[in-house]
Amino acid sequence: PTNPGKATLTSPSAGANNLSSPVTFKWNAVSGATGYRVWVVFSNSEGTSLGLTTKTSLTADVPAGSGVWFVQTFFGDGCSTTLSDRRVLHAEGYC
């Protein structure tokens, strides 16, 4: 696309606390998108991909701690990707 859009995050809300793993991440569809990858970044770590999907939600295990999450939108081979805004989350993690 000439002016590709970016995903708008819908859930969990910004600053969500005490999230229990697994967490369901949701966002609005982007016109022309062929797929989405959900990323999470916790303090002092590189970004971790939680998964790739063609839907507008993804459920994944997340470790305990505070971090940010965002969605990378894909538009097909040879096209640039876009990144959503970031949202802070606080997760209880998994056992």
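Everything in this summary refers to the structure shown in the same document. Counting from 1, residues in each chain are numbered in the order their sequence is written. Restriction of local features to residues with pLDDT of at least 70 applies here, the model being predicted, together with a cutoff of 80 or more for giving and counting side-chain atom pairs; totals for whole chains, interfaces and linings are based on all residues. The side-chain values count all of the structure's non-hydrogen atoms but skip hydrogen atoms and water molecules.

Observations concerning the overall build of the protein
The condition is simple: Segments assigned H or I by DSSP are reported as helices when at least four residues long, segments assigned E as strands when at least two residues long, and all are numbered from the N terminus. The quantity called the radius of gyration is restricted to C-alpha atoms. Its globule counterpart is 2.2 Å times the number of residues to the power 0.38. Burial classification: accessible surface area is computed with a 1.4 Å probe over protein chains only, and a residue below 20% of its type maximum counts as buried, one above 50% as exposed, and the rest as partly exposed. Between two residues, a contact is recorded if the distance between any of their heavy atoms is within 4.5 Å. Here the accessible surface of atoms and residues is derived via Shrake-Rupley with a 1.4 Å probe, and residues count as covered only by protein chains that are part of the display. For the purpose of counting charges, residues Lys and Arg are taken to be positive, whereas Asp and Glu are taken to be negative. His and the chain ends are not included. Charge positions are represented by NZ for Lys, CZ for Arg, CG for Asp and CD for Glu.
Each helix and strand in the protein was counted, giving zero helices and nine strands. Taken against the 2.2 N^0.38 rule, which gives 12 Å for 95 residues, the C-alpha radius of gyration of the protein at 13 Å falls within 12% of a compact globule. On the principal axes, the C-alpha backbone points of the protein span a range of 40 × 25 × 20 Å. In the protein, which comprises 95 residues, the proportion classed as buried is 36%. Restricting to contacts in the protein with at least 6 residues of sequence separation, those with at least 24 account for 61%. For the protein, the exposed surface amounts to about 5400 Å²; the carbon and sulfur share of it is 47%. Both charge centroids of the protein, one from 6 positive and one from 5 negative side chains, sit 8 Å from each other.

Concerning the environment of Gly47
One can find Gly47 in the loop between strand 4 (35–42) and strand 5 (48–53). Separated by 23 residues in sequence, Gly47 and Phe70 have C-alpha atoms that sit 9.9 Å apart. Non-local contacts of Gly47, meaning those with residues more than four positions away in its chain, are made with Trp39, Val40 and Val41.

A few points about the packing of aromatic side chains
Rules: Note on aromatic contacts: the rings of Phe and Tyr and the six-membered ring of Trp form a pair at centre separations within 6.5 Å, being stacked when their planes are under 30 degrees apart, edge-to-face when over 60 apart, and tilted otherwise.
For the structure shown, the criterion picks out three aromatic pairs. When the centroid spacing of 6.4 Å and the interplanar angle of 10° are considered together, the rings of Trp39 and Phe70 count as stacked. Here Phe70 lies in strand 7 (residues 65–74) and Trp39 lies in strand 4, a separation of 31 residues in the sequence.

As for the pairing of strand 7
The test is simple: Two strands are said to pair when DSSP picks up at least two bridges between them.
Sheet topology note: the strand 4/strand 7 ladder contains eight bridges and is antiparallel. The residue bridging Val40 from the neighbouring strand is Trp69, located in strand 7. Examined bridge by bridge, strand 7 and strand 8 (residues 82–83) share two bridges and lie antiparallel to one another. Its bridge partner lying in strand 8, Gln72 is registered against Leu83.

Structural notes on the sheet that holds strand 6 (residues 57–60)
Quick reminder of the rule: For every element, the axis is a line fit to its C-alpha atoms; helices are fit only across the contacting stretch, and the angle between N-to-C directions ranges from 0 to 180 degrees.
Strand order in this open sheet of three strands is 1-3-6, and the pairing throughout is antiparallel. If you trace the sheet from one side to the other, it starts and ends with strand 1 (9–11) and strand 6, each paired once. Geometrically, the sheet is characterised by an average inter-axis angle of 25° between neighbouring strands, direction not taken into account. Pairing between strand 3 (residues 23–27) and strand 6: four bridges, direction antiparallel. Bridge pairing in strand 6 links Lys26 to Ser57.

Examining the environment of Lys6
Mapped onto the fold, Lys6 is located in the segment before strand 1. Those residues in contact with Lys6, other than ones at most four positions away along the chain, are Val30, Thr82, Leu83, Ser84 and Asp85.

Comments concerning the pattern of salt bridges
The test is simple: Any Lys or Arg side-chain nitrogen located within 4 Å of an Asp or Glu carboxyl oxygen qualifies as a salt bridge.
If you walk through the whole model with that rule in mind, you get one salt bridge. Salt-bridge contacts for Lys6 lead to Asp85; the nearest nitrogen and oxygen are separated by 2.8 Å. In this pair, Lys6 is assigned in the segment before strand 1 and Asp85 in the loop between strand 8 and strand 9 (87–93), connecting sequence segments 79 residues apart. Judged by relative accessible area, Lys6 falls into the partly exposed class, the value being 43%.

Distances and angles like these do not, on their own, reveal function.
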